[in-house]
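Given next are the chains, with one letter for each unit.
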Amino acid sequence: MLKIKGLTYEYAKNHQVLEDISFSAKEGECLAILGNNGVGKSTLLKCINQIIKPKCGEVLYEELLLSHLKRRELSKKIAFVSQQSEKIHLKVIDVLSLGRCPHIGFALQAHDKEQMDLIIKEMKIEGYLDQYLDELSGGEVQRIMIARALIQEPKILLLDEPTSNLDIKHKEEILSLIQEVSRKKQVIVIMVLHDLNLAIKYCDKFIFLKDKKIYEKGNIDIITKENIREVFEVDNEMVEIKGRKIII
């Protein structure tokens, strides 16, 4: 289990972004972080991944403080896909190989290659392997970076708007695969999503952020017209189609 306790972060003195954030996430669970732009969603993911250090609070996995781990050991626990992936001039196969770095010594072993081949097939990216990353579209790069994260075999997968550059078909494919990986391999998935209907379809738990704090957290029951109106400040309607909530 992942536990976040009393996490507070500020960019500068008296410029607080997150205040007293506490929640937990279980293995095999997909959790969506929801809220308006600038509310601290991406900052929260970076704090969990120890990219930035919070002013106070703790991040624990299986009661182990992640702040005490060296980067290599942390990389065996957490994989992170940022909203803006850097387009470096490397072949896709070499970019994907980087996902095995936390696990290998001097060279890829049989297990490493098997893991890569499995994810490459599942992500349907066989045709990209000899292409250069900086020659691909934004959506293609996003698929490659998500694949690299899965190749890393993390216990916790953090995704910052993983579908932002994808078309409708590939949004569904990627989120369906992430959901399947989470359940099959008991990976904790925490992702920032702006599409509430995709969040409802593919996530088990939800956190609404507003005014630096958690406004509400829980299962599908917290996805209500009232909460959406308060958090996003928009009127909305909610209908049910084939047993699933749809927000209009």
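Before reading on, note that the structure itself is shown above.
Residues numbered from 1 in each chain as written. Predicted model: local features only at pLDDT ≥ 70, side-chain atom pairs only at ≥ 80, totals over all residues. Heavy atoms only, no water.

K.L.:
Tell me about the overall build of the protein, and please be specific about residues and values.
P.N.:
Within the protein, the regular secondary structure consists of eight helices and twelve strands. A compact globule built from 248 residues should have a C-alpha radius of gyration of about 18 Å, and the protein, at 18 Å, falls within 12% of that. Taking the principal axes of its C-alpha atoms as reference, the protein extends roughly 50 × 45 × 30 Å. Expressed as a percentage of the 248 residues in the protein, the buried residues total 46%. The long-range fraction of contacts in the protein, counting pairs at least 24 apart against all pairs at least 6 apart in sequence, stands at 64%. Carbon together with sulfur atoms contributes 48% to the accessible area of the protein, which is approximately 12,500 Å² in total. On the protein, the mean spot of the 38 positive side-chain charges and the mean spot of the 38 negative ones are 3 Å from each other. (Helix = DSSP H or I, 4+ residues; strand = E, 2+ residues; numbered from the N terminus. Rg over C-alpha atoms; globule rule 2.2 N^0.38 Å. Buried < 20%, exposed > 50% of the residue type's maximum accessible area, 1.4 Å probe, protein only. Contact = heavy atoms within 4.5 Å. Areas by Shrake-Rupley, 256 points an atom, 1.4 Å probe, with all protein chains shown as cover. Lys, Arg positive; Asp, Glu negative; His and termini not counted. Charge placed at Lys NZ, Arg CZ, Asp CG, Glu CD.)

K.L.:
Please provide a residue-by-residue account of the pattern of salt bridges, values included.
P.N.:
Under the criterion given, the structure shown has 13 salt bridges. With its nearest N and O atoms 2.8 Å apart, the salt bridge here joins Arg100 to Asp112. One end of the pair, Arg100, is in the loop between α3 (92-97) and α4 (110-122); the other, Asp112, is in helix α4, and twelve residues separate them in sequence. Residue classification places Asp112 among the buried positions, given a relative accessible area of 4%. When salt bridges that share partners are traced, they join Arg100, Asp112 and Glu153 into one network. (Salt bridge = Lys/Arg side-chain N within 4 Å of Asp/Glu carboxyl O.)

K.L.:
Please set out the pairing of strand β8 (residues 188-192) residue by residue, giving values where relevant.
P.N.:
The element β8 is extensively covered by neighbouring structure, given that five of its five residues are classed as buried. Burial along β8 is two-sided: Ile188, Ile190 and Val192 and Val189 and Met191, pointing in opposite directions, are all buried. Here strand β3 (residues 30-34) pairs with β8 via four bridges, running parallel. Following the sheet pairing, Cys30 is matched in β8 by Val189. (Pairing = 2+ DSSP bridges.)

K.L.:
Explain the packing of aromatic side chains to me, and be specific about the residues and the numbers.
P.N.:
On inspection of all chains with the given rule, the structure shows two aromatic pairs. Ring centres of Phe208 and Phe232 lie 6.3 Å apart, and the angle between their planes is 80°; on these two criteria the pair is classed as edge-to-face. A residue pair is termed long-range when its members are at least 10 positions apart, and Phe208 in strand β9 (residues 205-210) and Phe232 in helix α8 (residues 225-232) qualify at 24 residues. By the burial criterion, Phe208 is buried, and Phe232 matches it. (Phe/Tyr/Trp six-rings, centres within 6.5 Å; stacked < 30°, edge-to-face > 60°.)

K.L.:
Which residues make up the state of the cysteines, and what values do they have?
P.N.:
In a disulfide, the sulfur atoms of two cysteines are held together by a covalent bond. This structure, assessed with the given rule, holds zero disulfides. Cysteine Cys56 shares no disulfide, and the gap to the nearest cysteine sulfur, in Cys47, comes to 10 Å. (Disulfide = S-S within 2.5 Å.)

K.L.:
Which residues make up α4, and what are the values?
P.N.:
Here α4 spans 18 Å end to end across 13 residues, near enough to the 18 Å set by a 1.5 Å rise per residue. For α4, the full list of buried residues reads Asp112, Gln115, Met116, Ile119 and Ile120. Axial view of α4: buried residues confined to an arc of 130°, hence all on one face. The exposed set on the far side of α4, more than 90 degrees from its buried face, consists of Ala110, Glu114, Asp117 and Lys121. Where α4 is buried, its residues touch α3, α5 (138-151) and α6 (168-185). Directly after α4, the chain includes Lys124, whose backbone phi takes a positive value near 60°. (Expected span 1.5 Å × (residues − 1). Arc of directions from axis to C-beta.)

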